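Residue-level structure breakdown
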Amino acid sequence: VQLVESGGGLVQPGGSLRLSCAASGFTFSSYAMGWFRQAPGKEREFVAAITGSGIITYYSDSVKGRFAISRDNAKTTVYLQMNSLKPEDTAVYYCAANRRYDRNYAEYDYWGQGTQVTVSS
């Protein structure tokens, strides 16, 4: 199993980034996919999740209305479009796979290595 994130970087406040997570080694469409983030000195927190079919999405209150999660099951890839970025969005962003949706990171089976997102002027 492999999850590989990409698309992180440095962006100014108010800017946008699109993260991608390419998955392999498991039946992608059978798994819910989640994005989590971890800032220095803080616990890993839930950002967004999407069901295997892509029909239902979930967001934390802190990103609702600014971020959008989507997936392409044909490409076995999940995306996180991040708009109106704020300095408090700075963190390492991880994608993860689980048999079903959950906001608890401890429930997820597979993890990527993470990609750094820094929001700063």
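First things first, this report covers the structure right here in the doc. (Residues numbered from 1 in each chain as written. Predicted model: local features only at pLDDT ≥ 70, side-chain atom pairs only at ≥ 80, totals over all residues. Heavy atoms only, no water.)

**Focus on the state of the cysteines**
The following threshold applies: To count as a disulfide, a pair of cysteine sulfur atoms needs to be within 2.5 Å. Counting from the N terminus, the helices are DSSP H or I runs at least four residues long and the strands are E runs at least two residues long. Classification of residues uses two cut-offs on accessible area relative to the type maximum, computed with a 1.4 Å probe and protein chains only: under 20% is buried, over 50% is exposed, and between them is partly exposed.
Taken as a whole and judged by the stated rule, the model has one disulfide. Linked covalently through their sulfurs, Cys21 and Cys95 form a disulfide whose S-S length is 1.9 Å. Since a negative S-S torsion denotes a left-handed disulfide, the Cys21-Cys95 link at about 45° is right-handed. A residue pair is termed long-range when its members are at least 10 positions apart, and Cys21 in strand β3 (residues 17–24) and Cys95 in strand β9 (residues 91–98) qualify at 74 residues. Here Cys21 matches Cys95 in class, with each residue buried.

**Some thoughts on the pattern of salt bridges**
To keep it simple, the criterion reads: Take a side-chain nitrogen of Lys or Arg and a carboxyl oxygen of Asp or Glu: if they are within 4 Å of each other, that pair is a salt bridge.
Counted by the stated rule, this structure contains four salt bridges. Of the charged contacts, one joins Arg37 and Glu45 as a salt bridge, the two residues approaching to 2.6 Å between their closest N and O atoms. When salt bridges that share partners are traced, they join Arg37, Glu45, Arg66 and Asp89 into one network.

**Brief notes about the packing of aromatic side chains**
Test applied: Only centres within 6.5 Å qualify two rings of Phe, Tyr or Trp (six-membered ring in Trp) as a pair; their planes then separate them into stacked at under 30 degrees, edge-to-face at over 60, and tilted for everything else. In this scheme, the term charge over a ring applies when either NZ of a lysine or CZ of an arginine sits within 6 Å of the ring centre and within 35 degrees of the ring normal.
Applying the stated criterion across every chain, the model contains eleven aromatic pairs. The interplanar angle of 75° and the centroid separation of 5.8 Å between the aromatic rings of Phe36 and Phe46 together place this pair among those described as edge-to-face. Taken as a pair, Phe36 in strand β4 (residues 32–38) and Phe46 in strand β5 (residues 45–50) lie far apart in primary sequence, ten residues in all. Residues Phe36 and Phe46 agree in their burial class; the two are buried. Every member of this aromatic cluster is reached through a ring pair, and the members are Phe36, Phe46, Tyr58, Tyr94, Tyr101, Tyr108 and Trp111. Above the face of the Tyr79 ring, Arg18 is positioned so that its terminal group lies 4.0 Å from the ring centre. Just above the ring of Trp111 sits the side chain of Arg44; from NZ or CZ to the centre is 4.7 Å.

**Things to note about the nonpolar core**
Formally: What makes a nonpolar core is a set of buried Ala, Val, Leu, Ile, Met, Phe, Trp, Tyr and Cys residues whose side-chain atoms join them at distances within 4.5 Å. Between two residues, a contact is recorded if the distance between any of their heavy atoms is within 4.5 Å.
Membership of the largest hydrophobic core comes to 29 residues, with the highest contact counts inside it found for Met33, Trp35, Leu80, Met82 and Tyr93. Contributions of two or more residues to this core are made by β3, β4, β5, β7 (67–72), β8 (77–82), β9 and β11 (115–119). What Met82 contacts, discounting residues up to four positions off in sequence, is Gly15, Ser16, Leu17, Leu19, Arg66, Phe67, Tyr93 and Val117. Counting residues in hydrophobic clusters, the runner-up holds five residues, among them Phe36, Phe46, Ala49 and Tyr108.

Bear in mind that shape data such as this cannot, by itself, settle questions of function.
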